[in-house]
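In case you want the letters, here they are:
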Amino acid sequence: MNTGAEAVETALKMVRRWGVEKKGIENGKQEIVVAAENFHGRTISIVSFSTDPDARVNYGPYTPGFVIVPYNDAAAIEKAVTPNTCAVMIEPIQGEAGVYVPDEGYLKAVREICTRRKVLFIADEIQTGFCRTGRKFAVDHEGVRPDAMTLGKALGGGLFPVSAVVADHDVMGVFTPGTHGSTFGGNPLASAIAIAAMDVLDDEKLADNARVMGEHFRAEVAKARCPKMVKVRGKGLLNAVVFEKGFEAWNVCLALRDAGVLAKQTHGNIIRFAPPLVITRDDMTDALSRIIRVLEAVK
Ligand code: PLP
């Protein structure tokens, strides 16, 4: 497809169909379990199961069939699964929520529940995939293989709209000719760019670069003398600086901009840092000195 949101929509259609055709759920009764604080895109169906008022308010009527449970809580997923559940969809790290990294073992537990209860596990790797977290996919940190992954963003080398859903044939095969598609989906230029982008990720060992540069980033930022900063968290080159509750980080983003560093505020008191995967040590050192200068000037 073209955008991340369309990849997610495709995955939702795929698992709903699978639920009817492979699991025997009555059409219209399919349920999909998702996590609170998720971000999967901005279509009507996707915002229907968002818990973020900015994404959701006044876009009703909302699409039914989604059950929201707390993130990082495998027991809540176990409880939410019913005979009508066709899938569980989560982000391996919640990016937009503020780079919320779940406890070690969460993804494994989700995998185990899904297998045991005959439910598909969809990992939305649109933000975390393709080396961003220091491994090719974020699920690799726990050695977990989901039934489906949604991919986007870096798939287009960061500049061209192309997205995808990957799954084994017994799942993907529920789509037959004419049952899903898009004018520009899978067009030759996008496909060529995606293949080239994936080659670059391997050839330039960008997962290793993300891991090493990310460790450097977190270690250095954690040393900043900034009383308002609570912690720095993340994996690879997907990181966030978390300030104390109630702190308004927007002015820090503006100060960073003035210092030549672009970073995005999420949820008021969090700033996300997602530098290019190709960043060199020299550029990281330069960026860190600017970031630390700004952090240490925070009142
Ligand atoms: N899923 C995740 C995890 C994302 O982070 C995003 C975008 O930030 C999306 C889906 C939506 O992608 P797009 O903006 O390309 O529609």
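None of the values given here were measured: they were computed from a predicted structure.

Rules and cut-offs
- Residues numbered from 1 in each chain as written.
- Predicted model: local features only at pLDDT ≥ 70, side-chain atom pairs only at ≥ 80, totals over all residues.
- Heavy atoms only, no water.
- Helix = DSSP H or I, 4+ residues; strand = E, 2+ residues; numbered from the N terminus.
- Buried < 20%, exposed > 50% of the residue type's maximum accessible area, 1.4 Å probe, protein only.
- Near = heavy atom within 4 Å.
- Polar contact = N/O pair within 3.5 Å; in protein donor to acceptor, adjacent residues only side chain to side chain.
- Areas by Shrake-Rupley, 256 points an atom, 1.4 Å probe, with all protein chains shown as cover.
- Patch = residues over 30% accessible without salt bridge, like charges linked within 9 Å, V, L, I, M, F, W, Y side chains within 5 Å.
- Salt bridge = Lys/Arg side-chain N within 4 Å of Asp/Glu carboxyl O.
- Domains from an automatic or database assignment.
- Contact = heavy atoms within 4.5 Å.
- Buried area = accessible area lost by both parts, 1.4 Å probe.
- 1 Å grid on protein atoms, 1.4 Å probe; cavity = no way out; pocket = protein on both sides within 12 Å on 5 of 7 lines; lining within 4 Å.
- Points joined across faces, edges and corners; volume = space filled by probe spheres on them.
- Nonpolar A, V, L, I, M, F, W, Y, C, P; charged D, E, K, R; others polar.

1. Side note on unusual backbone geometry
- Of note, the amide linkage connecting Gly60 to Pro61 takes the cis form, showing an omega dihedral of 0°.
- Position of Pro61 among the secondary structure elements: in the loop between α3 (53-56) and β2 (66-69).
- With a phi angle near 65°, Glu37 is a residue other than glycine that sits in the positive phi range.
- Within the secondary structure layout, Glu37 lies in the loop between β1 (31-35) and α2 (44-48).
- Glu37 gets classed as partly exposed once you look at its relative accessible area, which sits at 40%.
- The phi torsion at His267 lies on the positive side, around 50°, for a residue other than glycine.
- The exposure class assigned to His267 is partly exposed, which follows from its relative accessible area of 44%.

2. Notes on the site of the ligand
- Close to the ligand lie Thr3, Gly4, Ala5, Phe39, His40, Gly41, Glu91, Glu96, Asp124, Ile126, Gln127 and Lys153, which account for all nearby residues.
- Note that an oxygen atom of the ligand is positioned 2.7 Å from one of the side-chain N or O atoms of Gln127.
- With respect to the ligand, the side chain of Lys153 contributes an N or O atom lying 2.8 Å from an oxygen atom.
- Expressed as a share of its isolated accessible area of 390 Å², the protein-covered part of the ligand is 81%.

3. A short note on a nonpolar patch on the surface
- On the surface, Ile44, Tyr59 and Tyr62 cluster together into a nonpolar patch covering about 290 Å² of accessible area.
- Assignment of secondary structure puts Tyr59 in the loop between α3 and β2.

4. Considerations on the domain arrangement of the protein
- Entries for the protein in the domain assignment read domain 1 (4-202) and domain 2 (206-295).
- Centre-to-centre separation of domain 1 and domain 2, based on C-alpha positions: 27 Å.
- Residue-level contacts link 21 residues of domain 1 with 21 residues of domain 2.
- In this assembly, domain 1 packs against domain 2 so that about 1700 Å² is buried in total across both faces, 59% of it on carbon and sulfur atoms.

5. Let's talk about the layout of surface pockets
- Of the volumes computed, that of the largest pocket is approximately 600 Å³.
- In terms of lining, the largest pocket is formed by 26 residues, of which the most central are Arg132, Ala154, Gly158, Ala274 and Pro275.
- The element best represented in the lining of the largest pocket is helix α7 (residues 188-203), accounting for five residues.
- Of the residues in the lining of the largest pocket, the class split is 17 nonpolar, four polar and five charged.
- Looking at which domains feed residues into the lining of the largest pocket, each of domain 1 (4-202) and domain 2 (206-295) gives three or more.

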